[in-house]
Amino acid sequence: MPIPGLTILAATFLCGLLGGCVTSGGTTASEEGAERVAAGKPTFLRQTYMTMDEHCHPVKRPTGVLTEPPVHGKVRMATKNAKAEYGPGDHQHCDGKLGPSLAFEYTGRPGYRGPDSFGVRVRYNDGEIRQARFKVEVY
C-alpha cells in the first residue's frame, strides 16, 4: 500500500525533474478525496496533465489511455487549458502559467447517485508513464 506523503513527494520530485506536471482546478472534493459531480452533467475533473519546457513554454501535451472504465458513467479525454502546478524544483517558476493539458471529463449516468471511479495511464513525450485513479461522488 503506497504511503500518501511519500507518493506526493515522489510525484513532486519527478514533476520538477522531468518538466511533466499535474495540474488542478474545477470541481469540489468530498472528504474522502472524491470529486463531487452532478448526475448526467459532463464535468471536467480537477486533475490534468501537462508539460512545459524550462522557459515555461507548453510542450506537446501528454496522451492518455483509459485502463479501467467507470461503472456508473463515462469518461472523455480532451485538451483543456490549465495552470501549471510544479511546486519545489527547477520548474517552480512555471507555477500558474497556462498551457494545454490532458483533461478528463466525467459524466455520471442520469439518475445514479453514489461513488464511481476509473483508472488511466498517462504518457509524456519523454516516455514517462504515470498511472492515475480518479474517484468521483455523483450527486
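Above this note sits the structure.
Please read all numbers here as calculations on a predicted model, not as lab measurements.

A. Main features of the overall build of the chain. Secondary structure assignment for the chain yields 1 helix and 11 strands. In the chain, the order of α-helices and β-strands from amino to carboxyl end is α-β-β-β-β-β-β-β-β-β-β-β. Counting the 139 residues in the chain, one finds 38% classified as buried. When contacts within the chain are restricted to residue pairs at least 6 apart in sequence, long-range pairs at least 24 apart make up 66% of them. Accessible surface computed for the chain: about 7,700 Å², of which carbon and sulfur atoms make up 58%.

B. Local environment of the side chain of Glu105. Summarising the element assignment, Glu105 is placed in strand β9 (residues 98-108). A polar atom in the side chain of Glu105 sits 2.8 Å from the side chain of Arg76. In contact with Glu105, not counting residues within four places along its chain, are Pro42, Thr43, Phe44, Lys74, Val75 and Arg76.

C. Layout of unusual backbone geometry. Backbone geometry places Cys56, a non-glycine residue, at a positive phi of 70°. In this structure Cys56 comes out as buried when scored by relative accessible area, which is 11%.

D. Here's a closer look at the packing of aromatic side chains. The full count for this structure, using the stated rule, is 5 aromatic pairs. Summarising the aromatic geometry, the rings of Phe118 and Phe134 are spaced 4.9 Å apart at their centres and angled 5° between planes, so their arrangement reads as stacked. With Phe118 in strand β10 (residues 114-123) and Phe134 in strand β11 (residues 129-138), this residue pair connects regions lying 16 residues apart in the sequence. The exposure class assigned to Phe118 is buried, which follows from its relative accessible area of 0%.

E. A look at the nonpolar core. Core analysis: the largest hydrophobic core is formed by 15 residues, its most contacted members being Tyr49, Phe104 and Phe134. Every element with two or more residues in this core is listed here: β9, β10 and β11. Ranked by residue count, the leading element in this core is β11, at 4 residues. Residues within four places of Phe104 in sequence aside, it is in contact with Thr43, Phe44, Leu45, Gln47, Tyr49, Val75, Arg76, Met77, Phe118, Val120, Val122 and Phe134. In this structure, Met52, Ala82, Ala84 and Tyr86 belong to the second largest nonpolar core, which totals 7 residues.

F. Quick look at the pattern of salt bridges. Enumeration over the complete set of coordinates arrives at 3 salt bridges. Glu68 is the partner of Arg133 in a salt bridge, and the nearest nitrogen-oxygen pair spans 3.0 Å. Here Arg133 is found in strand β11, whereas its partner Glu68 is found in strand β7 (residues 63-68), with 65 residues between them in sequence. Relative accessible area serves as the criterion here: at 44%, Arg133 is assigned to the partly exposed category. With a closest N to O distance of 2.8 Å, Glu105 and Arg76 form a salt bridge. Taken together, the residues span a long stretch of sequence, with Glu105 in strand β9 and Arg76 in strand β8 (residues 73-83) at a distance of 29 residues. Judged by relative accessible area, which is 42%, Arg76 ranks as partly exposed.

How each quantity is defined
- Residues numbered from 1 in each chain as written.
- Predicted model: local features only at pLDDT ≥ 70, side-chain atom pairs only at ≥ 80, totals over all residues.
- Heavy atoms only, no water.
- Helix = DSSP H or I, 4+ residues; strand = E, 2+ residues; numbered from the N terminus.
- Buried < 20%, exposed > 50% of the residue type's maximum accessible area, 1.4 Å probe, protein only.
- Contact = heavy atoms within 4.5 Å.
- Areas by Shrake-Rupley, 256 points an atom, 1.4 Å probe, with all protein chains shown as cover.
- Polar contact = N/O pair within 3.5 Å; in protein donor to acceptor, adjacent residues only side chain to side chain.
- Phe/Tyr/Trp six-rings, centres within 6.5 Å; stacked < 30°, edge-to-face > 60°.
- Core = buried A, V, L, I, M, F, W, Y, C linked by side-chain atoms within 4.5 Å.
- Salt bridge = Lys/Arg side-chain N within 4 Å of Asp/Glu carboxyl O.

Keep in mind these numbers describe shape, not what the thing actually does.
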